[in-house]
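Take a look at the letters that make up each chain.
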Amino acid sequence: MKSFGLIGYPLGHSLSPVIHRELFKICGINGEYKLFEIAPDNINREFSKLTALCGFNVTIPHKINVIPFLDELDERAALFGAVNTVKTGNKLKGYNTDCHGFLRAIQMADIDLSGNVLLCGSGGVARMFAFEAVLADCNLTIAVRDEDIPAAEILAEEIKSRLNKEAEVLNLKDVKESYNLIINGTPVGMHPNINACVLPKEIIQKANAVFDAIYNPEETLLIKYAKEAGLKYSNGLSMLVWQAAVAEEIWNDVKFTENDIQKVIETTKKELEK
């Protein structure tokens, strides 16, 4: 049996084992997927046991501090300075499949990453959204709260220095334009605060499409407003499943179809409802 896992701290209730078990079934892999809760201070002592796995995923707080243990990074992991997937073997190679999860999720929802893009948020996953939007030659506006303006400006400066592209920084309350795509990379609207929304309804409904990184609840207010206006939309669950699927593709040299992923999404939804 092939062994895989997820390292992070704390891990709590992770959907990863459910998602990977379903992916194993689809591609006929005899595999197991375990959780490894490793505190930041213990990574040096615990890392060697991970190399015995066939591959592993990485989540907070290890996405950056795992890098010194690796022999090589793929292009996106190097660009973002963050790793969420490691392939073991003769050498340890780090990947970032979050970006592929995002790109495949919006493709599945028939959403174009083009034109004027409004990104809400500047930390964590929002940073990846920002880079992908700029790499796709979008006109990017990063909108954040007052207290997050300095972090957003640092992100815009990093985009300029690393990719030679411009990104505008705006206060969320000053957003007035219409956008081809609105991306929510903040936790606003996440369970249990399901009545919160990162933007006013009228701004959302002027857009062509909406992507919300949140997947619990399945329909945030942001998604509800998008549906009401007949916009294209996607929540974060398809991205979560796709990033896991791309990790499987790296580890096991397999491929998944959109139909495969839809089946895994439905199973994962049931798990969320428990």
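Residues numbered from 1 in each chain as written. Predicted model: local features only at pLDDT ≥ 70, side-chain atom pairs only at ≥ 80, totals over all residues. Heavy atoms only, no water.

Engineer: Looking at this structure, how should I read the packing of aromatic side chains?
Structural biologist: Both the distance between ring centres and the angle between the ring planes are used here to describe each pair of aromatic rings. Counted under the stated rule, the structure contains 8 aromatic pairs. Between the aromatic rings of phenylalanine 47 and phenylalanine 56, the centroid separation amounts to 6.0 Å while the plane-to-plane angle is 80°, which identifies the pairing as edge-to-face. In terms of burial, phenylalanine 47 and phenylalanine 56 fall into one category: buried. Here the aromatic residues Phe4, Phe24 and Trp251 are joined through ring pairs into a cluster of three or more. (Phe/Tyr/Trp six-rings, centres within 6.5 Å; stacked < 30°, edge-to-face > 60°. Buried < 20%, exposed > 50% of the residue type's maximum accessible area, 1.4 Å probe, protein only.)

Engineer: Looking at this structure, I do not really get the sheet that holds strand 12 (residues 232–234). What am I missing?
Structural biologist: Ordered by their spatial adjacency, 6 strands build an open sheet running 9-8-7-10-11-12, and the pairing between neighbours is parallel. Here the strands that pair on one side only, and so sit at the sheet edges, are strand 9 (167–171) and strand 12. Across the sheet, the mean angle separating the axes of adjacent strands is 15° when strand polarity is ignored. Of the strand pairs in this sheet, strand 7 (residues 116–120) and strand 8 (residues 139–144) are connected by 5 bridges, and their pairing is parallel. Directly across from leucine 118, in strand 8, lies its bridge partner threonine 141. In the packing of helix 6 (residues 125–135) onto the sheet, the strands contacted are strand 7, strand 8, strand 10 (181–184) and strand 11 (209–212), and the crossing angle to strand 7 comes to about 170°. (Pairing = 2+ DSSP bridges. Helix = DSSP H or I, 4+ residues; strand = E, 2+ residues; numbered from the N terminus. Axes fitted to C-alpha atoms, helices over the stretch in contact; angles between N-to-C directions. Contact = heavy atoms within 4.5 Å.)

Engineer: Explanation requested: the pairing of strand 3 (residues 55–58) in the structure shown.
Structural biologist: Within a regular strand, the side chains alternate between the two sheet faces. Here strand 3 shows no split at all, with Gly55 and Asn57 on one side and Phe56 and Val58 on the other all buried. Sheet analysis places strand 1 (residues 2–8) next to strand 3, joined by 4 bridges and oriented parallel. Within strand 3, the position partnered with leucine 6 by the bridge is asparagine 57. Across 3 bridges, strand 3 lies against strand 5 (residues 85–87) in antiparallel orientation. What sits directly across from glycine 55, in strand 5, is lysine 87.

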